[in-house]
Amino acid sequence: MRKTVFLLAVVMIVGALVAASEIGYVVILKNGTKIPAREEMAIKGDQAIIILRNGTMTAIPLSQVDLVATERYNQLGFGSAILLEGVGETTPVPTATPTPLLGTTGSLKRMRPVLGTQATPTQTPTPAIMLRTVPYTDERVTKAFSNLLDKKHLYLYKTSAGTKPGYFFIQAVTDSQREVFHALKTVAESYALIHELKPELAPKAVELQLVTSVNKSAGTFRMTPEQAEALASGKISPEQYYLKHVIF
C-alpha cells in the first residue's frame, strides 16, 4: 500500500514537472490572477493574445493585464515553477473568446532585447544604473529636465550623473502601472524636446530607474534620443516601449 502511494506521488510530481516545463510564461492580471501560458503572450492592438497550457488560443483586453507585474515575474524566472506551488492545483483562467492570430502580432520575446540567460535570475542585472551622489556635469541640463518634468506633473524624482560621461540619470517614484507609463512618456517627451532644441547639450542617453514608494523596482531603462523621439511622437506606445526595453 505504501509503495503504491509512493509511486502515485512520484507520478503526480513528475506530471507536474512535465507540465511546468511546458509553461514558459505566466500572465498576471490586475486582479491578481495568474494565467500559465505555453509561451510569451503577443500583443495585437488592445488585445493580449495568449496560448493557454491546453493549447487554446485566447484574447484578453490588454487593459486587464498587469504588464509591470507580468514582466517582473517572468524576468525573475518564476514562470516554469508556477505549477509546483501546489501539485494538482489549477490556476483560474478568465473566460475569453478564442481569437485567431490575424496578421503580425508583437511577440514579447521578439520585442524585448535579450538580457542573457535566466539560469541564475537576478532582480538587478544592471546594478550600475542607480542614483549617484555625483550630479550631472551640466547644471543647465539638470534644470531643463527639472522644469519640464515639473510642468508635466512628474514630481517624485531625483537626478544625478549616469553610468557613463554624457549619461543623465533619473529615479522616479511610481506606485501604479499608470504612473509607470506616465513617467516613461514624460521623460521621453522632455528628453526629445531638449535634444531638438539644444542637441549639443542633450545627454547621449537617459537612464531611468522606476521604483515604488517602498523601494521596489518597477523597471530600469536606458533611453536613447531615437527611442525618446519615437515614444514622444507616438510611434511606439508606453506599453510597447516598456516591454521592449525594460531591464530588471
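Presented here is an overview of the structure given in this document. (Residues numbered from 1 in each chain as written. Predicted model: local features only at pLDDT ≥ 70, side-chain atom pairs only at ≥ 80, totals over all residues. Heavy atoms only, no water.)

**Quick word on the sheet that holds strand S8 (residues 167–173)**
At step 1: With mixed pairing, four strands are arranged side by side in an open sheet as S7-S8-S9-S10. Two strands bound the open sheet, and with one partner strand each, they are strand S7 (157–161) and strand S10 (217–223). For this sheet the average axis-to-axis angle between neighbouring strands, irrespective of direction, equals 15°.
At step 2: Where helix H4 (residues 139–151) meets the sheet, it contacts S7, S8 and strand S9 (205–211), and its direction lies at approximately 30° from that of S8. (Pairing = 2+ DSSP bridges. Helix = DSSP H or I, 4+ residues; strand = E, 2+ residues; numbered from the N terminus. Axes fitted to C-alpha atoms, helices over the stretch in contact; angles between N-to-C directions. Contact = heavy atoms within 4.5 Å.)

**Notes on the packing of aromatic side chains**
At step 1: Counted according to the given criterion, the structure contains six aromatic pairs.
At step 2: Cluster of aromatic residues (ring-pair linked, three or more members): Tyr136, Phe145, Phe168 and Tyr191. (Phe/Tyr/Trp six-rings, centres within 6.5 Å; stacked < 30°, edge-to-face > 60°.)

**Remarks on H4**
At step 1: Under the 1.5 Å per step criterion, the end-to-end length of H4 is 18 Å for 13 residues, consistent within 8% with the ideal 18 Å.
At step 2: Where H4 is buried, its residues touch S7, S8, helix H5 (177–197) and S9.
At step 3: At the N-terminal boundary of H4, the capping side chain belongs to Asp138, with an oxygen 2.9 Å from the backbone nitrogen of Arg140.
At step 4: Where H4 terminates, the next one or two residues include His153, which has phi positive at roughly 65°. (Expected span 1.5 Å × (residues − 1). Polar contact = N/O pair within 3.5 Å; in protein donor to acceptor, adjacent residues only side chain to side chain.)

**A short note on the nonpolar core**
At step 1: Formed by 50 residues in total, the largest nonpolar core has its most connected members in Ile170, Leu184 and Tyr242.
At step 2: Examining the composition of this core, we find that nine residues originate from one element, H5, more than from any other.
At step 3: In contact with Tyr242, not counting residues within four places along its chain, are Leu67, Val68, Glu71, Val180, Phe181, Leu184, Ala218, Gly219, Phe221 and Phe248. (Core = buried A, V, L, I, M, F, W, Y, C linked by side-chain atoms within 4.5 Å. Buried < 20%, exposed > 50% of the residue type's maximum accessible area, 1.4 Å probe, protein only.)

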